[in-house]
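Structural features, examined
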Amino acid sequence: MSAKKLTARTAEVGGIPIARLLPNRGKQPIGAWCFLDHIGPAEIEAGEPGMQVGRHPHTNLQTFTWMLHGEIRHRDSLGYDQIIRKGQVNLMTAGTGPETGISHTEQSVVDEDNRFHAVQLWIALPMDKQIQPSFHHYPDLPTWQSQGIRYALTTGSYTDGETYTAPTLQYSKLVGLDVIFDEDGTANLSFEAGMEYGILIINGEVTHEGETFVQDELMRFETSQVAQRVQITAKAGTHVMLLGGEPLPHKTLLWWNFVDKSKAGIEKSIEDWNNGHDRFGDVAGGMHRLPSPPLPDSFKE
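Every chain is numbered independently, its residues counted from 1 as its sequence is written. Thresholds applied to this predicted model are a pLDDT of at least 70 for local features of residues and 80 or more for the giving and counting of side-chain atom pairs; totals over whole chains, interfaces and linings are not thresholded and use all residues. The side-chain quantities take in all heavy atoms of the structure and omit both hydrogens and water.

Some points on the overall build of the protein chain
In DSSP terms, a helix is any run of H or I states spanning at least four residues, a strand is any run of E spanning at least two, and both are numbered starting from the N terminus. The number of helices and strands found in the protein chain is 1 helix and 26 strands. C-alpha atoms define the radius of gyration in this analysis, and the globule rule sets the expected value at 2.2 Å times the number of residues to the power 0.38. In terms of C-alpha radius of gyration, the protein chain reaches 19 Å, essentially the compact-globule figure of 19 Å for 301 residues. Overall, the C-alpha framework of the protein chain stretches about 55 × 45 × 35 Å when taken along its three principal axes. We call a residue buried when its accessible area falls under 20% of the maximum for its residue type, exposed when it is over 50%, and partly exposed in between, using a 1.4 Å probe and counting protein chains only. The proportion of buried residues among the 301 residues of the protein chain is 54%. Contacts are assigned to residue pairs that have any heavy atoms within 4.5 Å of one another. Contacts spanning at least 24 positions in sequence make up 74% of the contacts within the protein chain whose residues lie at least 6 apart. His is not counted, nor are the chain ends, whereas Lys and Arg count as positive and Asp and Glu as negative. Just so you know, the charge point we use is NZ for Lys, CZ for Arg, CG for Asp and CD for Glu. Counting 25 positive and 38 negative side-chain charges, the protein chain places the averaged centre of each group 5 Å from the other.

What about the pairing of strand 8 (residues 81-84)?
We call two strands paired when DSSP finds no fewer than two bridges between them. For strand 7 (residues 71-76) and strand 8, the ladder comprises 4 bridges, and the chain directions are antiparallel. When the bridges of strand 8 are listed, R75 appears paired with D81. As consecutive antiparallel partners, strand 7 and strand 8 are separated by 4 residues, and within that stretch G79 has a phi angle of approximately 100 degrees, a positive value.

Brief notes about the sheet that holds strand 23 (residues 228-234)
Here we have 4 strands laid out as an open sheet, ordered 18-23-20-21, and antiparallel in their pairing. If you trace the sheet from one side to the other, it starts and ends with strand 18 (185-191) and strand 21 (211-214), each paired once. Ignoring strand direction, the axes of neighbouring strands in this sheet form an average angle of 35 degrees. Pairing of strand 20 (residues 205-208) with strand 21, which is carried by 4 bridges, proceeds in the antiparallel orientation. For H208, the partnering residue across the bridge sits in strand 21 and is E211. Angles shown run from 0 to 180 degrees and are taken between the N-to-C directions of axes, each axis being a line fitted to C-alpha atoms and, for helices, limited to the stretch in contact.

A word on the pairing of strand 3 (residues 16-22)
Counting buried residues in strand 3 gives 6 out of 7 residues, a clear majority hidden from the surface. As paired elements, strand 2 (residues 9-13) and strand 3 share 5 bridges and run antiparallel to each other. For R9, the partnering residue across the bridge sits in strand 3 and is R20.

A short note on the packing of aromatic side chains
Under the pairing criterion, centres of Phe, Tyr and Trp rings, with the six-membered ring standing for Trp, must be within 6.5 Å; the plane angle then separates stacked pairs below 30 degrees from edge-to-face pairs above 60, leaving the rest tilted. All chains considered together, the criterion is met by 11 aromatic pairs. Relative to F64, the ring of W33 has its centre 5.3 Å away and its plane inclined at 90 degrees; by these criteria the two rings are edge-to-face. Linking W33 in strand 4 (residues 33-43) with F64 in strand 6 (residues 61-69), this pair joins segments that are 31 residues apart in sequence. Summarising the burial analysis for this pair, W33 and F64 share the class buried. A ring pair is formed by F191 and F221, whose centres lie 5.2 Å apart and whose planes are at 90 degrees; its orientation type is edge-to-face. Placement of the pair is F191 in strand 18 and F221 in strand 22 (residues 217-224), with a sequence separation of 30 residues. Take F191: its relative accessible area is 2%, and that puts it in the buried class.

Re the UniProt feature "domain: Pirin C-terminal" (unreviewed entry) in the protein chain
The positions that UniProt labels "domain: Pirin C-terminal" (unreviewed entry) are, in the present scheme, residues 177-277. Summarising residues 177-277: 12% helix, 56% strand, and an end-to-end C-alpha distance of 37 Å. UniProt positions are given in the numbering used here, feature names are shortened, and annotations may be inferred rather than shown by experiment.

Re the sheet that holds strand 24 (residues 239-245)
Taken in spatial order, the 7 strands of this open sheet run 1-22-19-24-17-14-13, and their pairing is antiparallel. The open sheet terminates on both sides in strands that have one partner only, identified here as strand 1 (3-7) and strand 13 (143-146). With strand direction ignored, the average angle separating the axes of adjacent strands in the sheet is 20 degrees. One ladder, built from 5 bridges, connects strand 19 (residues 195-203) with strand 22; its direction is antiparallel. Bridging across to strand 22, I199 finds its partner in M219.

Observations regarding the environment of L200
The topology assignment puts L200 in strand 19. For L200 and T143, which are 57 residues apart along the polypeptide, the C-alpha to C-alpha distance reads 19 Å. Setting aside its immediate chain neighbours within four residues, L200 contacts L21, L36, V119, E217, L218, H239, V240 and M241.

Pasting the structure below:
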């Protein structure tokens with residue numbers, strides 16, 4: 001099963017370098033995974049504030065943070081104040097509908113070795129469902145080892161000899177699997193029928209069907225029509241993340257921090273946020289508030 005190669009565009013968020021893989025040149029989401037940032041790795045110098053992302057809103061999505069090194073302090077308009085550490089997931093749900101939303105802030109917390117490294121994703125919510133805002137923190141996730149490879153299941157269910165299931169809240173069928181090669185070897189990854197898949201190269205390089213993929217590239221696969229195994233080969237130290245999901249039954253449009261199925265929905269969210277609508281609540285901590293940029297005339301539905 002061949003894969004298309006997507007390359008990242010680089011940017012900076014809250015003072016930390018990021019590689020953005022989704023959205024990517026108009027490519028559609030992978031299932032409901034509609035946004036993908038590889039944050040860092042970065043060294044935060046002593047006395048520096050690190051990542052500081054002021055108060056900002058979200059609609060019709062979940063933010064999904066997978067921490068690799070360091071710590072992030074999350075505070076939101078529901079009143080949650082949660083530090084996420086290595087090997088943990090923070091999942092914030094904005095809810096669905098034109099009167100629903102959430103806002104939050106994110107700040108890095110400098111740990112002993114000053115390293116900061118994370119993967120942050122957005123999951124588009126199915127807008128045919130009524131979903132309320134929520135926040136969940138997952139400090140314990142399924143992990144296992146096989147043939148010199150370490151696995152951590154961040155969301156969904158995955159079968160590798162036995163079936164593992166993560167506790168992470170889902171509103172559409174998804175899987176997220178962290179994979180680290182402790183030895184040179186080959187991983188045989190399970191793909192389910194009817195799912196779209198991608199593999200983020202976090203560190204190192206992998207080979208698949210004679211093509212090499214390196215750090216901050218995304219292997220994107222077409223929808224798998226039948227269940228199958230996909231092989232990737234890598235050297236020791238290589239680190240990747242497998243993402244999969246069933247396609248949503250509607251369009252997924254993105255602008256700034258908003259997701260919607262229509263341009264009109266995004267325009268309403270921009271207007272509501274910039275005018276201080278109470279659908280987004282308030283966040284403790286006194287961080288600055290980020291205004292939404294206007295929707296460009298070139299934005300297409």
